[in-house]
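Structural description and commentary
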Amino acid sequence: MIIMRWLLRILLSLLALLMLSGAGFYLYLQTLPTKPPAFVNAADLDESQTAQPLQCAAGQPLKAAYRVRVEVLSRLNGQQVYASNVSFRTQLQQANGDLVRAVATDIRVDEGDGAATLPDLPYLSRVQSARGAVFVAFNDLGLMEQHPLAVISQLLKGLSVGHEGETYRYAYDSLQRLYRYRQTGAGSERAVFRADSDLSLLSRDFAANRSDWRIVSDGGCLPQQLTSTERQALQVAGQQGYIEFRIQAEAIPPYADLSRYTFNAGANAAQRWQMRQVSTADFASPVNSAADMWAVFAGFAKERNTARLIRAAEYLLDNLSPYELADALQGQGMELSDEAGRDLIFALGISGRPEAEDFMLDVLQTLPQGAGEAVDMQKVRLMVALSASGQVTPRAYSALDSLARNTQESVNVQANALISMGSMVRQLERQGSDNSSQEQQLTQLLSERLDGPQAASAIMAANNAGLTNLEPEIIAHLGSSSSRERYAAGMTLSRNPQHYPLLLEHLQGETSNLVSQAILANMDVSKLSQIQRGQLDQIASDSADVDKAMLIQRFLAQ
């Protein structure tokens, strides 16, 4: 009898725990959006299947077009730093199932220097029927992130009208917020909440979070007119501000023949746009003294205020000589920490001042040879800053070429000079400069160094420069006993899918996981054939090295 009472108590305790767990799970569910995220890919297009009729369209497939105007405004510390106007027409047309094909045409972008006309842009979406249509997915088909037409995602979200009482998170929304809708006598309303909001409180807080979103509807799936404004807080280089999108769209009759357009994963990959650059340093407080300058360099690691860092670099260029800075970098006269010296050189590289290159070259020439690792590290940092500054000259290349050939310099300085020279050759090409002379000189020098102790650095230099005529020599280094050389060779060769068969064969016997990681990190998993994926899977299965197997499986899971 006693045993029975104990069993009964245990059962009651377990039941109570289950009820508590169930209640906890219910509360957890209450914090999740009503609708799970959806996605769309070009492979989902299937001309053999018909469109799924939408209830809000009286059982007809979706077909609509709009004339759209978008104003983009960004402010930092109360000052306008960017503004643009984008206009285009777009047509959306349901294909198979819930998939929507669409195209934007007549695209014009004005950043204040006159309007530029851009090529037509196809894209994909998925649509569901709710109070109106809800565009639950978006695919820009390879469009670069900073392209002005990335704003189409904001348009699709603005045209969507969801069910009252449901919570929506649009997977394609860069703002990653939660949206709820409700109907009033005046029409539809939308509220916007932070992603980490407690969903159990959204209905109560609807009015406080009502957004600047207005539609005019004729009762169909999509609005006849849309006006929507959304603002996202920004913090850039220590500056507080926001970016704002204001979208106006008006329905127009369908006008486009979508069969003229290609809808594949890279349809927009070739479209490029150079956004007008904004210097956040223009909005930073000035640096007016040497003490202030040194304080900015000393405090950057903690504050991360790039705008003030650039101001400090400008003060340095205007008030210090290369000889004074060379002394400071050696710890003479001014007590400068290694961290502050690193950030100072970084600041010179990003200052954008035309005289910064000559200044850094003079400092580089002033620093002594054979003065130890600390000075060598400053030389390496200066070379990296020169090659990554965004605007290099043949003089800078020649200076590094002299360092790479100077046997009085340390092996570390010579090797890093090679690597930075490769970056400079590529940068000269990006600038539209004639780099044929530098490319020829570098190729000759790297051919010599590939047979010596600087082979790994020579391979990395060839990779930075984009040289392909040295690939036979680089392939030979995959069999080197030096893991550094194999690392550099694997990293370089893996960027070309033509070398995948060779690299897969090499991976099978590679003993260094750092080398394996370098190869996999630069391969494009989407360019592997099914046979090659199977080979990698087999290598992982056969490997006795658990870490190596995990590297491969993570790569394949991308």
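None of the values given here were measured: they were computed from a predicted structure.

Attention shifts here to the pairing of strand S4 (residues 115–118). On any regular strand, side chains alternate: one points to one face of the sheet, the next to the other face. Sheet topology places strand S3 (residues 99–110) next to S4; four bridges connect them, and they run antiparallel. Looking at the pairing, isoleucine 107 lines up with leucine 118 of S4. The turn joining S3 and S4, which pair antiparallel and follow one another in sequence, is formed by four residues; a positive phi near 105 degrees is taken by glycine 112.

Let us now look at helix H2 (residues 152–159). The buried count for H2 comes to eight of eight residues, which makes it a mostly enclosed element. Restricting attention to buried positions, one finds in H2 the residues Ile152, Ser153, Gln154, Leu155, Leu156, Lys157, Gly158 and Leu159.

Counted according to the given criterion, the structure contains one disulfide. Between cysteine 56 and cysteine 221 runs a disulfide, and the two sulfur atoms are separated by 1.8 Å. Of note, the bridge from cysteine 56 to cysteine 221 carries an S-S torsion of about 95 degrees and is right-handed in sense. Here cysteine 56 is found in the loop between helix H1 (2–30) and strand S1 (63–76), whereas its partner cysteine 221 is found in the loop between strand S10 (212–216) and strand S11 (225–236), with 165 residues between them in sequence.

Here we take up the packing of aromatic side chains. Following the criterion strictly, the structure yields nine aromatic pairs and no others. Ring geometry for tyrosine 170 versus tyrosine 172: centroids 5.7 Å apart, planes at 50 degrees, classification tilted. An identical accessibility class is assigned to tyrosine 170 and tyrosine 172; each is buried. The aromatic ring of tyrosine 255 is capped on one face by arginine 89, whose charged end is 3.8 Å from the ring centroid. Its guanidinium or amino end placed over the ring of tyrosine 242, arginine 231 lies 3.8 Å from that ring's centre, counting from NZ or CZ.

Here we take up the nonpolar core. Counting 84 residues, the largest nonpolar core has Met293, Phe297, Leu316, Leu344, Leu348, Leu446 and Leu536 as its most contacted members. Per-element accounting of this core gives the leading share, seven residues, to helix H10 (residues 411–430). The residues touching leucine 446, leaving out its near neighbours within four places in the chain, are Leu418, Ala458, Ala461, Ala462, Leu467 and Leu470. Leu62, Phe88, Leu143 and Leu156 belong to the second-largest nonpolar core, a separate cluster that totals 66 residues.

Here the focus is the sheet that holds strand S8 (residues 178–184). Spatially, the three strands line up as an open sheet ordered S7-S8-S9, and their pairing is antiparallel. The sheet is open, and its two edges are formed by strand S7 (167–168) and strand S9 (187–193), each paired on a single side. Inspection of the sheet shows S8 paired to S9 by seven bridges, in the antiparallel sense. In the strand pairing of S9, tyrosine 181 is matched with arginine 190.

On average, the chain scores 86 in pLDDT, and the residues at 70 or more come to 91%. H1 is the least confidently modelled element of the chain, averaging 40 in pLDDT, while S3 averages 96, the highest of any element. Every residue in residues 1–33 scores below 50 in pLDDT, and together they form eight contacts with partners more than four places removed in sequence or on other chains.

This paragraph deals with the pattern of salt bridges. Where charged atoms of side chains with opposite charge meet at close range, the side chains can pair. One pass over the structure, following the stated rule, counts 24 salt bridges. For the salt bridge of arginine 126 with aspartate 44, the shortest nitrogen-to-oxygen distance reads 2.8 Å. A residue pair is termed long-range when its members are at least 10 positions apart, and arginine 126 in strand S5 (residues 121–129) and aspartate 44 in the loop between H1 and S1 qualify at 82 residues. With its nearest N and O atoms 3.0 Å apart, the salt bridge here joins aspartate 343 to arginine 342. Judged by its relative accessible area of 4%, aspartate 343 falls in the buried class.

The buried fraction of strand S6 (residues 133–139) is high, at seven of seven residues. By the bridge criterion, six bridges tie S5 to S6 in an arrangement that is antiparallel. Note that in S6 the partner of valine 127 across the bridge is phenylalanine 135. Counting the residues that bridge the hairpin from S5 to S6 gives three residues.

This part covers the environment of valine 287. Counting through the fold element by element, valine 287 comes out in the loop between strand S12 (239–252) and helix H3 (290–303). Not counting chain neighbours up to four residues away, the residues in contact with valine 287 comprise Asp292, Met293, Val296, Arg308, Arg311, Ala312 and Tyr315.

Looking now at the side chain of lysine 157. The topology assignment puts lysine 157 in helix H2. Since its relative accessible area comes to 0%, lysine 157 is described here as buried. Side chain to side chain, lysine 157 and aspartate 173 meet in a polar contact 3.1 Å long. Beyond its immediate stretch of four places on either side in the chain, lysine 157 contacts Tyr170, Tyr172, Asp173, Leu175, Tyr179, Tyr181, Arg190 and Glu230.

Another aspect to go through is unusual backbone geometry. Non-glycine residue alanine 58 carries a positive phi angle of around 55 degrees. Structurally, alanine 58 can be placed in the loop between H1 and S1. When its relative accessible area of 70% is taken as the criterion, alanine 58 is described as exposed.

Definitions and cut-offs
In this convention, every chain numbers its residues from 1, walking through the sequence in written order. Residue-level local features of this predicted model are given only where pLDDT is at least 70; pairs of side-chain atoms are given and counted only at 80 or more, and the full residue set underlies all totals for whole chains, interfaces and linings. Each side-chain value is derived from all of the structure's non-hydrogen atoms; neither hydrogens nor water enter the calculation. Strand pairing is defined by DSSP finding a minimum of two bridges between the two strands. Only DSSP runs of H or I covering at least 4 residues are called helices, and only runs of E covering at least 2 are called strands; the numbering of each starts at the N terminus. Here's how the labels work: a residue is buried when its accessible area is under 20% of the maximum for its type, exposed when over 50%, partly exposed in between, all with a 1.4 Å probe on protein chains only. When two cysteine sulfur atoms lie within 2.5 Å, the pair is treated as a disulfide. Put simply, two rings from Phe, Tyr or Trp (the six-membered ring, in Trp's case) pair if the centres are within 6.5 Å, and we call them stacked under 30 degrees between planes, edge-to-face over 60, tilted for the rest. Note on geometry: a ring has a charge over it if NZ (lysine) or CZ (arginine) is within 6 Å of the ring centre and within 35 degrees of the ring normal. By nonpolar core we mean a set of buried residues, namely Ala, Val, Leu, Ile, Met, Phe, Trp, Tyr and Cys, connected to one another through side-chain atoms within 4.5 Å. Contacts between residues were defined by any pair of non-hydrogen atoms, one from each residue, lying within 4.5 Å. pLDDT measures the predictor's confidence residue by residue and takes values from 0 up to 100. Salt bridge, as applied in this entry: a Lys or Arg side-chain nitrogen positioned within 4 Å of an Asp or Glu carboxyl oxygen. Any pair of nitrogen or oxygen atoms within 3.5 Å is treated as a polar contact; in protein, a donor-acceptor pairing is required on top of that, and neighbouring residues in sequence qualify only through side-chain atoms on both sides.

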